Amino acid sequence: MREQVRVRGAAPRRTRTGAITPVVVVYLALAVLLVVGSVLVGAQGGVLLDHGGILNILTRATVLGLVAIGQTLVIVTGSLDLSVAYLIGLCSLVAAETMAGSPAMIVPGVLAALLVAAVVGLVNGLVITVLKANAFIATLGVALVLRGYLEHNYTGPAGSVPRAFQHIGYDRIGPVPVAALLMLLLAAAAWWYLRRTRTGYHMYAVGGDVDVARLSGVRTGRTIVTAHVLCAVMAGLAGVFLAGRLGSGAPYVGTDAGYDLESIAAVVLGGTALAGGRGGVAGTIGGVLILSTLDTIFDDLELDSFFKDVVRGVVLIAAVALYARRRTAGRSA
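Source: prediction; values computed, not measured.

Student: What's the story with helix H13 (residues 259-269) in this structure? I'm lost.
Tutor: Along an α-helix, a turn takes 3.6 residues, which lines up residues three or four apart on a common side. In terms of residue burial, H13 counts as a mostly covered element, since ten of its eleven residues are buried. Looking at H13, one finds that the buried residues are Tyr259, Asp260, Glu262, Ser263, Ile264, Ala265, Ala266, Val267, Val268 and Leu269. Taken from the residues just after H13, glycine 271 is the one with a positive phi, measuring 100 degrees.

In structure tokens:
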């Protein structure tokens, strides 16, 4: 009975009926962005939400979505992972070099990449929980180790992905990439894991107050390690997907796109608190779609990279400020 009470108490708090939640806010913002973007692109003689536009948005969202799902898990626990960008490149190389162009090696290649990712996630989690290192410093240190390995051993793309596996990167149903549907399935699985399992409840409890969670009987160290392993595995899947699209492994495919900071931005846009204990995957997917839509609009309008970064920064700051004001108002009410 004590265990049942403790686990239920660790569940994320429910909002009042009719309240506008961060998830609702992020999807309303996405709807507004689509309307405004369509008008701006239309004024330039283009169409944002045609077959090609939808394909571009969903393709961009696939990799970022995979990484952001995993990032959500660690941020909910009050941690974060800055090693995911280099891990994506490493896993793309492991998959491509293991496959070596042979269809018979597709499964071993995928499993090898995910195993490497899980080991890196385990190291991240153990450094944080056993050595008591700050998550920012711990994962940054692991990122530097991965960067050193990549720079020492690779000067460019390596390995070869068989053509049969490349279908996962390019097949689609109408304008919807199959990979995007798989990403959404994984997002649904992560949502269920966080909201319907004991470990998911424990992640919210640890992120809310790690000391209270420990005194309540939650194995906080194991919970944090589990979150980091799952986050790394999601980054590994992103690396495998990119290897399928590129036809080979690429050491800097993750860092060139900035998936470490982009994934954190998507999570924060989705309403997950960086301090932990609040948020979820549903909002994260909305944040991913906002960033992917912004990039597509920028490309259609042919804006320079500086202006793109400025707009992304303004959107992120506005979202954080909005959520902070809503929380302050909710406490004072």
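Still more to cover.
Student: Got a minute to help me understand the nonpolar core in this structure?
Tutor: Grouped burial of nonpolar side chains is what soluble globular proteins tend to show. Ranked by internal contacts, the top residues of the largest apolar core, which has 82 residues, are Ile69, Leu87 and Ile88. Not counting chain neighbours up to four residues away, the residues in contact with isoleucine 88 comprise Val67, Ala235, Ala238, Gly239, Leu242, Val253, Gly254 and Tyr259. By size, the runner-up hydrophobic cluster in this structure holds eight residues, among which are Ile128, Ala138, Ala213 and Val218.

Student: What should I look at first to understand the environment of aspartate 309 in this one?
Tutor: Locating aspartate 309 in the fold gives a position in helix H15 (residues 305-332). In this structure aspartate 309 comes out as partly exposed when scored by relative accessible area, which is 48%. As a C-alpha pair, aspartate 309 and aspartate 295 span 14 residues in sequence and 9.9 Å in three-dimensional space. Of note is the side chain of aspartate 309, whose polar atom sits 2.9 Å from the side chain of arginine 312.

Student: Help me understand the packing of aromatic side chains in this model?
Tutor: For any pair of aromatic rings, the description consists of the separation of the ring centres together with the inter-plane angle of the planes. If you walk through the whole model with that rule in mind, you get one aromatic pair. Ring centres of tyrosine 149 and tyrosine 154 lie 6.4 Å apart, and the angle between their planes is 65 degrees; on these two criteria the pair is classed as edge-to-face. On the basis of relative accessibility, which here comes to 12%, the residue tyrosine 154 falls in the buried class. The ring of tyrosine 170 carries arginine 245 above its face, with NZ or CZ at 4.5 Å from the centroid.

Calculation criteria
Residues numbered from 1 in each chain as written. Predicted model: local features only at pLDDT ≥ 70, side-chain atom pairs only at ≥ 80, totals over all residues. Heavy atoms only, no water. Buried < 20%, exposed > 50% of the residue type's maximum accessible area, 1.4 Å probe, protein only. Helix = DSSP H or I, 4+ residues; strand = E, 2+ residues; numbered from the N terminus. Core = buried A, V, L, I, M, F, W, Y, C linked by side-chain atoms within 4.5 Å. Contact = heavy atoms within 4.5 Å. Polar contact = N/O pair within 3.5 Å; in protein donor to acceptor, adjacent residues only side chain to side chain. Phe/Tyr/Trp six-rings, centres within 6.5 Å; stacked < 30°, edge-to-face > 60°. Lys NZ or Arg CZ within 6 Å of the ring centre and 35° of its normal.

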